[in-house]
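Chain residues, written in single-letter form:
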Amino acid sequence: MKAYQRKLDIRNGCVDLSHGSGGRAMAQLISGLFHEAFGNEWLARGNDQSAFDVGAGRMVMTTDGYVVSPLFFPGGNIGSLAVHGTVNDIAMAGARPLYLSASFIIEEGFRFTDLKMIAESMGEAARTAGVHIVTGDTKVVERGKADGLFISTAGVGVVPHGLDLSAENARVGDRVLISGTLGDHGVAIMSKRQNLAFETEIVSDSAALNDLVAKMVEAGGRGIRLMRDPTRGGLAATLNEIARQSDLGFHLREEAIPVKPGVAAACELLGLDPLHVANEGKLVAIVAPENAAAVLAAMRAHPLGRDAADIGEAVADDHHFVQMATSFGGGRIVDWLSGEQLPRIC
Amino acid sequence: MKYADEFRDKEIALGLAKAIRAEADPQKLYRFMEFCGGHTHAISRYGLEDMLPKNVRMIHGPGCPVCVLPGGRIDMAIRLAERPDVILCVYGDLMRVPGSQGASLLKAKARGADIRMVYSTIDAIRIAEDNPGREVVFFAIGFETTTPPTAVMIRLAEKKQLENFTVFCNHVLTPPAMQNILESPDIRNIGRVEIDGFVGPAHVSTIIGTAPYEFFAEEFGKPVVIAGFEPLDMMQAILMLVRQVNEDRHEVENQYSRAVNRDGNLRAKEEVSDIFELRDQFEWRGLGQVPYSGLKLKRAYAIYDAEVRFDMHELRVDDNPACECGAILRGVKKPVDCKLFGTVCTPETPMGSCMVSSEGACAAYWTYGRFRDHQQRRVS
């Protein structure tokens, strides 16, 4: 017997309130679209939760919501972003991400073709990162109550034995390493905003960093004090947070910070500072000076760390200032972003 | 980045810094006011103060239109935006400017007012076309540089016969504000503050030319050097000012000759004078009422004047009495002299004008320069 009388009409159909009602339509959407895209043994069992074995040792858990606008942007979409973001939050603990959950809040009228494309991007991003989406949820809200689609993902991962990365671990003299060019994601999103549209070749850097992190941990071990992915608020926010949590300051060299010319030009035009613009596939690592060269070499040997650079050092500073020698020859602070640079960047 | 990096070259900067050090007389103080917020931002953003000798000091002027907009005008705009039929279009940096009792356009928007951030005057026209049943008001603000685009927009609205489009005009003029500063008792009579020269506006001068400053150079005996907004422009302008002071000259010189000439943009000036006329006076945050310093729409264009269409009444908001913005804008005090600076007044919660925009003296100092107040323990 067929499970459903009619196939889901993905080409012409769209989500309506019945797809969130708990009835047959919802079951069909989940099995016909999400299971198809995420396909794994845990989902196939069709439970409200997933059971998996855990080994001994420490685990990490994280969660994140995705409300990016527009939903599709150069270099990705809300689906790939929702996987990369959560994978990266786990990876920043030096951990190996294993399982994700995904929760969808969909506005009625959302086209199946778009939803399918987004779900497939999630599936592909998960496979590339070596993680499984093992549980999920679908809600449908009335028109005007959500801007198309919001996604929440949560994830768990395991931490290699002996590793304990945390934001209070930075020490005076540590080196500041970044994995590549800054501001790509934010500029890619801005270039597609309705009231802002400008032409650029910049694509989002959205990517899962867990493999890069594994190579860095191999090279640097406990010499890596902590890692962060500089998303909203950019490198400036990340370093200011670390400065406060580790009770020290930073000295950066502007000349050493890689920024693509297209990103620099867009920022110039819009009056933004690339150090405040969001990234979705970059990390900052604070590394003991004796391990810095090895970690940097490991980063540069990885495709996601080709442009990695040593951009400065941690210094003693009761005021927790992040200071920078400008490429012009003067000095300045790299402060937190004040106010909202651009809403709904991720 | 082409056409930008050339004006940020470190080697040339070091050469100019060396020349300034060599030519500035160590027995003398050189106090130069940069009028524009764009200059203030460049000084802070590139750390120029670190490259100047101690006796060459920069005083940050009032040239940030967002900063000097008085709270009353913000209250007027909020009141307008609260009308259900109105869509208010504003530039993003206006959103956090404080009105009375902590009000701002950002907060009004959160409470439901239809306020839209736009990047260009054309966006406002488009919104008016897309919403024929609503009244679309453009919050026009800025010095001589942004007035021509507003004029062009009014022409466009006229051509498209848009009936639901008006302008809330807050355009102000540079020369009256410079004059006001030089004539203030702090500077002219008591002699508490000396200004030895001006770095003249960059973009403003592309419109009005260099001629309007000749009066200052003559009347007040102060050198004026018109300079671009790039850091090398600033360094060169400072060197030119040092030379004028040393040679006891007070002339208008044009460092920004790649964009500015003596007469300015005639076409733009013509458009502006066709559509706008002087107000008897206009309030500046920090400076108070400045005669003949603001523009309004001429009677012939009254149908595009939001103040006329919505019968808007002038509102006044007193500046916080502890706020030193007025003195800071005239160069009498520095940001750190203000009790509010960095305590209750920060870029997140600006109390006074100088903290409002990143081009304001206090915000620039807070964001880029406040480390200079603290002895650093450098560990290498």
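Because the structure is a prediction, the values reported are computed rather than measured.

**Student:** Looking at this structure, I do not really get the nonpolar core. What am I missing?
**Tutor:** Across soluble globular proteins, nonpolar side chains show a tendency to be buried alongside one another. Ranked by internal contacts, the top residues of the largest apolar core, which has 228 residues, are Met 122 of chain A together with Leu 88, Phe 139 and Ile 238 of chain B. Here this core takes ten residues from helix H12 (residues 231-246) of chain B, the largest share from any one element. When residues no more than four places from it in sequence are discounted, the contact partners of Leu 88 of chain B are Ala 77, Leu 80, Ala 81, Asp 114, Ile 115, Val 137 and Phe 139 of chain B.

**Student:** I tried to follow the interface of chain B and chain A on my own but got confused; where do I start?
**Tutor:** Across the contact, 31 residues belong to chain B and 25 residues belong to chain A. For the side of chain B that touches chain A, the secondary-structure elements that each account for two or more residues are helix H1 (10-23), helix H2 (37-45) and helix H16 (361-369) of chain B. Here the side of chain B that touches chain A is built from residues that sort into 14 nonpolar, six polar and eleven charged.

**Student:** In this structure, what is going on with the domain arrangement of chain B? I would like to understand it.
**Tutor:** Often, the extent of an interface is quoted as the loss of accessible area on bringing the components together. Residue and element names in this part refer to chain B. Looking at the assigned domains, one finds that chain B contains domain 1 (1-321) and domain 2 (325-367). The straight-line distance from the C-alpha centre of domain 1 to that of domain 2 is 17 Å. Listing elements by their share of the side of domain 1 that touches domain 2, those giving two or more residues are H2, strand S2 (56-63), helix H3 (65-68) and helix H9 (185-188). Of all the elements, H2 adds the most residues to the side of domain 1 that touches domain 2, at five residues. Per-class residue counts for the side of domain 1 that touches domain 2 are 14 nonpolar, ten polar and six charged.

**Student:** Hey, could you run me through the packing of helix H3 (residues 78-91) of chain A against helix H4 (residues 112-129) of chain A in this one?
**Tutor:** Relative orientation and spacing of two packed helices are given, respectively, by the angle between their axes and the distance between those axes. Residues and elements named next belong to chain A. The geometry of H3 relative to H4 is characterised by a closest axis approach of 7 Å and an angle of 30° between their N-to-C directions. Between H3 and H4, the angle falls in the class roughly parallel. As H3 runs across H4, the sense of the crossing is right-handed. Residues Ile 78, Gly 79, Ser 80, Ala 82, Val 83, His 84 and Val 87 of H3 pack against Ile 118, Ala 119, Ser 121, Met 122, Ala 125, Ala 126 and Ala 129 of H4. In terms of residue class, the contact of H3 with H4 is made up of ten nonpolar, four polar and no charged.

**Student:** Can you walk me through H1 of chain B in this structure?
**Tutor:** Note: α-helices contain 3.6 residues per turn, so residues at a spacing of three or four share the same orientation. Residues and elements named next belong to chain B. The end-to-end C-alpha distance of H1 is 20 Å, a good match for the 20 Å that 14 residues give at a rise of 1.5 Å each. Of all the residues in H1, the buried ones are Ala 13, Leu 16, Ala 17 and Ile 20. Down the axis of H1, the sector holding all buried residues measures 105°, keeping them to one side. Exposed and facing more than 90 degrees away from the buried side of H1 are Glu 11, Lys 18 and Ala 22. On its buried face, H1 sits against S2 and H12.

Cut-offs and rules
Per chain, residues are indexed from 1 in the order of the written sequence. Labels are handed out in written order, letters beginning with A for the chains and numbers beginning with 1 for the ligands. Since the coordinates come from a predicted model, pLDDT governs what is reported: local features require at least 70, and pairs of side-chain atoms require 80 or more to be given and counted, while whole-chain, interface and lining totals use all residues. Definition of nonpolar core: a set of buried Ala, Val, Leu, Ile, Met, Phe, Trp, Tyr and Cys residues joined via C-beta atoms within 7 Å. Counting other C-beta atoms within 10 Å of a residue's own tells you its class, since 20 or more makes it buried, 12 or fewer makes it exposed, and anything in between is partly exposed; those C-beta atoms are placed from the backbone. Counting from the N terminus, the helices are the DSSP runs of H or I reaching at least four residues and the strands are the DSSP runs of E reaching at least two. Each residue is represented by a C-beta atom placed from its backbone, and any two residues with such atoms within 7 Å are regarded as in contact. Polar here means any residue outside two lists: the nonpolar Ala, Val, Leu, Ile, Met, Phe, Trp, Tyr, Cys and Pro, and the charged Asp, Glu, Lys and Arg; Gly therefore counts as polar. Where a domain begins and ends is set by an automatic assignment or by a domain database. Note on geometry: axes are lines fitted to C-alpha atoms, helical ones only across the stretch in contact, with angles between N-to-C directions running from 0 to 180 degrees. These descriptions rest on fixed angle ranges, namely under 35 degrees for roughly parallel, over 145 for roughly antiparallel, 65 to 115 for roughly perpendicular, and the rest for oblique. Take the far helix as your reference; a near helix turned counterclockwise from it by less than a right angle gives a left-handed crossing, and one turned clockwise gives a right-handed crossing. Given a helix with a known number of residues, its expected span is that number minus one, times 1.5 Å. What the arc measures is the spread of directions leading from the helix axis to the C-beta atoms.

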